[in-house]
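Examination of the molecular architecture
What follows is each chain in one-letter form.
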Amino acid sequence: AVVSTQSKQWYQRRVRAFTSKYNMTETFKTRDTRLLICFVACLFSGFGCLYDFLHPFPESKMILAICSLSYFTITGLLYVWEWFVEKGTFFEGTLNGNAIKLSSYIPRYSGNYTITGESTVDGTKQEIKYTKCISTWLDESGTILPDKVAKEAELLHQSLLKAKSQ
């Protein structure tokens, strides 16, 4: 639990540094949509529990069935959203009206880390994808090397927004 908390804090500091260095604004549309889907699922679940409390079981059977089916259908929709829309997205932001989206993927039983950057610069979409070994950014003890991460972030930033300077 300590390692994941430290990693999360490190990640939050890096995102803050990344957004402030390049004067970006982080957007939360994808995460907000996920939260909305979860909220609607919880509303169905909560309504079913409340109705069952107010009208005990034989009377609430149909409402419980509808709420349960709705909850599981919406949860299935949430999985589809995460697999096909989010696709491992860990950052979305804008810079002077240009959209930037970063996502990552690590295959099972592999040390290769794939980062995908998508940008829309002046109406032109481009995608950059590169794969490196995860050990590129770690030392022998498993500590993240901020200098190497910053260097890669700089290269990614330049590659994503190069169409703007041309």
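Rules of the game
Residues numbered from 1 in each chain as written. Predicted model: local features only at pLDDT ≥ 70, side-chain atom pairs only at ≥ 80, totals over all residues. Heavy atoms only, no water. Helix = DSSP H or I, 4+ residues; strand = E, 2+ residues; numbered from the N terminus. Contact = heavy atoms within 4.5 Å. Core = buried A, V, L, I, M, F, W, Y, C linked by side-chain atoms within 4.5 Å. Buried < 20%, exposed > 50% of the residue type's maximum accessible area, 1.4 Å probe, protein only. Pairing = 2+ DSSP bridges. Axes fitted to C-alpha atoms, helices over the stretch in contact; angles between N-to-C directions. Salt bridge = Lys/Arg side-chain N within 4 Å of Asp/Glu carboxyl O. pLDDT = per-residue confidence, 0-100. Bend = angle between axes of the 7 residues up to and from the residue. Expected span 1.5 Å × (residues − 1). Polar contact = N/O pair within 3.5 Å; in protein donor to acceptor, adjacent residues only side chain to side chain. Disulfide = S-S within 2.5 Å. Patch = residues over 30% accessible without salt bridge, like charges linked within 9 Å, V, L, I, M, F, W, Y side chains within 5 Å. Areas by Shrake-Rupley, 256 points an atom, 1.4 Å probe, with all protein chains shown as cover.

**Side note on the overall build of the protein**
In terms of helices and strands, the protein carries 5 helices and 5 strands. Along the protein, helices and strands appear, N-terminal first, in the series α-β-α-α-β-β-β-β-α-α. When contacts within the protein are restricted to residue pairs at least 6 apart in sequence, long-range pairs at least 24 apart make up 45% of them.

**Digging into the nonpolar core**
Counting 15 residues, the largest nonpolar core has Met24, Ile100, Leu102, Ile115, Leu156, Leu160 and Leu161 as its most contacted members. Secondary structure elements with two or more residues in this core: β2 (89-95), β3 (98-105), β4 (112-121), β5 (124-133) and α4 (146-160). Of all the elements, β4 adds the most residues to this core, at 3 residues. Here Leu161 is in contact with Leu95, Ile100, Val121 and Gln126, once residues within four sequence places are set aside.

**A few points about the sheet that holds β2**
Hydrogen bonds along the backbone pair up the strands of a sheet, which may run parallel or antiparallel. Taken together, 5 strands build an open sheet; the order of strands is β1-β2-β3-β4-β5 and the sheet is antiparallel. Because the sheet does not close on itself, it has two edges, and the strands there are β1 (25-26) and β5. Inspection of the sheet shows β1 paired to β2 by 2 bridges, in the antiparallel sense. In the strand pairing of β2, Thr25 is matched with Thr94. This element, α4, spans β2, β3, β4 and β5 of the sheet and lies at about 155° to β5.

**Observations regarding the pattern of salt bridges**
Taken as a whole and assessed by the stated rule, the structure comprises 2 salt bridges. In this structure, Glu26 and Arg31 form a salt bridge, with 3.7 Å as the shortest nitrogen-oxygen distance. For Arg34, the salt bridge identified is with Glu86, shortest N-O distance 2.8 Å. You can see Arg34 sitting in helix α2 (residues 29-54) and its partner Glu86 sitting in helix α3 (residues 57-86), a full 52 residues away along the chain.

**Considerations on the confidence of the model for the protein**
Summing up the model confidence of the protein, the mean pLDDT is 81 and the portion of residues at 70 or higher is 86%. Per-element confidence in the protein ranges from a low mean pLDDT of 54 for helix α5 (residues 162-165) to a high of 91 for α2.

**Considerations on α3**
For α3, the principal kink sits at Ile63 and spans about 35°. Within the sequence span of α3, burial applies to Ser60, Cys67, Ser70, Ile74, Thr75, Leu78 and Glu86. Where α3 terminates, the next one or two residues include Lys87, which has phi positive at roughly 50°.

**Here we look at α2**
With 26 residues, α2 extends 37 Å between its outermost C-alpha atoms, agreeing within 8% with the 38 Å of an ideal straight helix rising 1.5 Å per residue. If you check which residues of α2 are buried, you get Thr30, Ile37, Ala41 and Gly48.

**Some points on the side chain of Thr75**
Mapped onto the fold, Thr75 is located in helix α3. When its relative accessible area of 19% is taken as the criterion, Thr75 is described as buried. At 2.8 Å, the side chain of Thr75 forms a polar contact with the backbone oxygen of Tyr71.

**A word on the state of the cysteines**
Under the counting rule described, the total for this entry stands at 0 disulfides. In this structure Cys38 is a free cysteine whose sulfur lies 6.7 Å from that of Cys42, the closest cysteine sulfur available.

**Side note on a nonpolar patch on the surface**
A surface patch of nonpolar side chains, about 550 Å² in accessible area, is lined by Tyr79, Val80, Trp83, Phe84 and Val85. The exposed category is assigned to Phe84, whose relative accessible area is 56%.

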